[in-house]
Amino acid sequence: MNRYSRLLSTLYVLTSGLLAWTAVLQYRYGPLWAAFLFTAASLVPTIAVVRESVIGDQQRALAELSAGPRGQGERLADTIVRRELDAACCERWWTSLGTDHDAACAHRAPRSSAA
């Protein structure tokens, strides 16, 4: 995250805390519906903090891809697709839509016993 994202995240957390405190005060001294309203409103800035961190991660990953080596004439989109395909588990994972793995796959997960 850059400096402005950190500042925004700090403001979001502060706003969320103040809205949560207002919800407590409404629960004690005000109408109950207002307490629920302020409780729900205090979750919105928390979602914004998560959004800022995801955007920061995406920007960092894009900067790494842009700075990485590319073949001659290869576009950034081609590089992204190639790296995603290289990160895929195994052939069976692709053909089973992510539900099954080859026996030699490092990401093999035990199957569910649910019938």
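1. Describing the packing of helix 1 (residues 3-29) against helix 2 (residues 32-67)
Here is step 1: Closest axis-to-axis distance for the helix 1/helix 2 pair is 8 Å, and the angle between their directions is 165°. As judged from the angle between their axes, helix 1 and helix 2 are roughly antiparallel. Helix 1 and helix 2 meet at a crossing whose hand is left-handed.
Here is step 2: Across the contact of helix 1 with helix 2, the residue classes tally to 15 nonpolar, nine polar and one charged.

2. Notes on the pattern of salt bridges
Here is step 1: Summed over all chains, the structure comprises two salt bridges.
Here is step 2: The partner of R51 in a salt bridge is E52, and the shortest N-O contact between them spans 3.8 Å.
Here is step 3: Note on E52: relative accessible area 9%, which makes it buried.

3. Thoughts on the confidence of the model for the protein
Here is step 1: For the protein, per-residue confidence averages 80 on the pLDDT scale, and residues scoring 70 or more make up 79% of the total.
Here is step 2: Within the protein, helix 1 carries the highest mean pLDDT (93), whereas helix 4 (residues 91-95) carries the lowest (70).

4. Considering a nonpolar patch on the surface
Here is step 1: Residues L7, L8, L11, L14 and L18 make up a contiguous nonpolar surface patch of roughly 460 Å² in combined accessible area.
Here is step 2: Inspection of the secondary structure assignment puts L8 in helix 1.
Here is step 3: L8 gets classed as partly exposed once you look at its relative accessible area, which sits at 34%.

5. Here's the deal with the packing of aromatic side chains
By convention here, two paired aromatic rings are described through the distance between centres and the angle between planes.
Here is step 1: Scanning the model with the defined rule gives zero aromatic pairs in all.
Here is step 2: Positioned above the aromatic ring of Y4 is the side chain of R3, whose terminal nitrogen or guanidinium carbon lies 5.3 Å from the ring centre.

6. Observations regarding the side chain of E52
Here is step 1: By the secondary structure assignment, E52 is in helix 2.
Here is step 2: In terms of polar contacts, E52 uses its side chain to reach the side chain of S5, at 3.4 Å.
Here is step 3: If we ignore the near neighbours within four places in the chain, the residues touching E52 are M1, S5, L8, S9 and Y12.

Parameters at a glance
- Residues numbered from 1 in each chain as written.
- Predicted model: local features only at pLDDT ≥ 70, side-chain atom pairs only at ≥ 80, totals over all residues.
- Heavy atoms only, no water.
- Axes fitted to C-alpha atoms, helices over the stretch in contact; angles between N-to-C directions.
- Helix = DSSP H or I, 4+ residues; strand = E, 2+ residues; numbered from the N terminus.
- Parallel < 35°, antiparallel > 145°, perpendicular 65-115°, else oblique.
- Left-handed = near helix turned anticlockwise from the far one by under 90°.
- Nonpolar A, V, L, I, M, F, W, Y, C, P; charged D, E, K, R; others polar.
- Salt bridge = Lys/Arg side-chain N within 4 Å of Asp/Glu carboxyl O.
- Buried < 20%, exposed > 50% of the residue type's maximum accessible area, 1.4 Å probe, protein only.
- pLDDT = per-residue confidence, 0-100.
- Patch = residues over 30% accessible without salt bridge, like charges linked within 9 Å, V, L, I, M, F, W, Y side chains within 5 Å.
- Areas by Shrake-Rupley, 256 points an atom, 1.4 Å probe, with all protein chains shown as cover.
- Phe/Tyr/Trp six-rings, centres within 6.5 Å; stacked < 30°, edge-to-face > 60°.
- Lys NZ or Arg CZ within 6 Å of the ring centre and 35° of its normal.
- Polar contact = N/O pair within 3.5 Å; in protein donor to acceptor, adjacent residues only side chain to side chain.
- Contact = heavy atoms within 4.5 Å.

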